[in-house]
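Chain by chain, the residues run as shown.
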Amino acid sequence: MKVEEIKKIACVGAGVIGYSWALYFALKKFPVSVYDITEESLELARNRIHESLISLYKNNVVKEEEIEEIERRILYTTSMEEAVREVEFIVESGPESYEVKREIVKQMEQYTSDRTIIVSSTSGLLITEIAKDAKYPERFIGAHPYNPPHLIPLVEITKGEKTSEEVVEVAKAFYISIGKEPVVLQKEALGFICNRIQMALYREVCDLVMRGVCSIEDADKAVTYGPGLRWGIMGPSLVFQLGGGKNGIDGLLQHLTPSINMWLNDMADFKEFPPEFGEVAREGVEEEMKNRSASIGNDDASLAEYRDKMLIEMLKLHNKL
């Protein structure tokens, strides 16, 4: 299949990730069918899409008169056959379970051709295992987005043992054509790239908090107003390249290695999060929320609104919106 042959898209699973993917494809002027098992799930997705479009309008991403046109591109259905028949590209965003995803694969393959590309939004499961019982495992890939997919450009493409390289290349080219930033894992790895990096950092946050070094709020501030600002511009290796002056990243690492080695020997290396940390983190977040104004998010709803507003402004700087 060629990129230009992708004309219609199906989103199987209408949850937080699925609805956002559907919105993004509709924004890019593709007809999209959205499948879930209940009308209630579909109605929730419809409402979320409308609310997201209102947010995009308020932030000058879409015009008010475009909202209805975008929404008309989306078909909602509880029929798997209606959703996936005659589409060239399917995004599966079902529950994070091998058993559930294999059942979804079985259902989808009843109504698709062997050329239809099927991608999973899995946050870290192996594509080899998801497609283990598939009739055409060569056309399965992982395409892990970052939430919310209709805003954040990253897509992590993962391959199974039987995935066709042609499918990987077509998917990568397709994502590039619609404004995404795909990265391709050269071998399977649980958690992929970003979730592993994210959890490595959060393991250290956990350790610092549990050791009494800092609060949840101060750890959040340290990331937001320190490395997070730089990471929003460029990746950590490029940041270190600039930090090394004329000697670049190699010079920086050589200069700091004695100190870095001491830090590493003092850093967390546990393989399971302390079971009590969830409660500690929740209490820390609640306290942090009390110290924030509504304009920057002091409950879940206003925090999400603030996040989206800031993401949109950053994406405009990156020429992604």
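Look above for the structure.
The structure presented is a predicted model; accordingly, all values stated were derived computationally and were not measured. The residue numbering used here restarts from 1 in each chain and proceeds along that chain's sequence as written. Residue-level local features of this predicted model are given only where pLDDT is at least 70; pairs of side-chain atoms are given and counted only at 80 or more, and the full residue set underlies all totals for whole chains, interfaces and linings. Side-chain numbers come from the whole structure's heavy atoms, not from hydrogens or water.

S.K.: I'd like to hear about the pattern of salt bridges, residue by residue, with values.
M.R.: When a carboxyl oxygen of Asp or Glu is within 4 Å of a side-chain nitrogen of Lys or Arg, the pair counts as a salt bridge. Applying the stated criterion across every chain yields a total of 17 salt bridges. Where Arg73 meets Glu69, a salt bridge forms, and the shortest distance between an N and an O atom there is 2.9 Å. In this structure, Lys320 and Glu181 form a salt bridge, with 2.7 Å as the shortest nitrogen-oxygen distance. In this pair, Lys320 sits in the segment after α14 (300-317) while Glu181 sits in strand β8 (residues 181-184), placing the two residues 139 residues apart along the sequence. Remark: exposure states derive from per-residue accessible area (1.4 Å probe, protein chains only) relative to the maximum for the residue type, with buried under 20%, exposed over 50%, and partly exposed in between. On the basis of relative accessible area, Lys320 is assigned to the partly exposed category, the value being 30%. Classification of Glu181 by relative accessible area gives partly exposed; the value is 40%. Among the ionic contacts, a cluster of salt bridges with common partners joins Asp207, Arg211 and Asp266. In DSSP terms, a helix is any run of H or I states spanning at least four residues, a strand is any run of E spanning at least two, and both are numbered starting from the N terminus.

S.K.: Tell me what's going on with the packing of helix α8 (residues 194-210) against helix α13 (residues 277-290), and back it up with residues and numbers.
M.R.: The packing of two helices is summarised by the inter-axis angle and the distance between the axes. Running from N to C, α8 and α13 cross one another at 85 degrees; their axes reach a closest spacing of 11 Å. The angle between the axes of α8 and α13 places the two elements in the roughly perpendicular class. In this structure, α8 contributes Tyr202, Cys206, Val209 and Met210 to the contact, and α13 contributes Phe277, Val280 and Ala281. Amino acids outside the nonpolar list (Ala, Val, Leu, Ile, Met, Phe, Trp, Tyr, Cys, Pro) and the charged list (Asp, Glu, Lys, Arg) are all regarded as polar, and Gly is one of them. A per-class count over the contact of α8 with α13 returns seven nonpolar, no polar and no charged. Structural elements are reduced to axes, namely lines fitted to C-alpha atoms, with helices fitted over the stretch in contact, and the angle between N-to-C directions of any two is expressed from 0 to 180 degrees. By definition in this entry, angles of less than 35 degrees are roughly parallel, angles greater than 145 are roughly antiparallel, angles of 65 to 115 are roughly perpendicular, and the rest are oblique. The contact definition used throughout considers only heavy atoms, calling two residues in contact when any of these lie within 4.5 Å.

S.K.: Summarise α8; cite the residues concerned and give the values.
M.R.: In an α-helix, one turn spans 3.6 residues; hence positions three or four apart end up facing the same way. Here α8 spans 24 Å end to end across 17 residues, near enough to the 24 Å set by a 1.5 Å rise per residue. For α8, the complete set of buried residues consists of Asn195, Glu204, Val205, Cys206, Asp207 and Val209. The secondary structure elements touched by the buried residues of α8 are β6 (140-145), α9 (216-224) and α13. Just beyond α8, the residue with positive phi is Gly212, at close to 80 degrees. The span expected for a helix works out to 1.5 Å for each residue beyond the first.

S.K.: Tell me about the sheet that holds strand β3 (residues 74-77), residues and numbers included.
M.R.: Read from one edge to the other, the open sheet built from eight strands follows the order β3-β2-β1-β4-β5-β6-β7-β8, with strand pairing classed as mixed. In this open sheet, the two edge strands, each paired with only one partner strand, are β3 and β8. If you compare each strand with its neighbour and ignore which way they point, the axes differ by 25 degrees on average. Pairing between strands requires that DSSP locate at least two bridges from one strand to the other. In the sheet, strand β7 (residues 154-159) pairs with β8 via four bridges, with the strands oriented parallel. Along β8, the bridge assignment pairs Glu156 with Val183. This element, helix α2 (residues 39-58), spans β2 (32-35) and β3 of the sheet and lies at about 160 degrees to β3.

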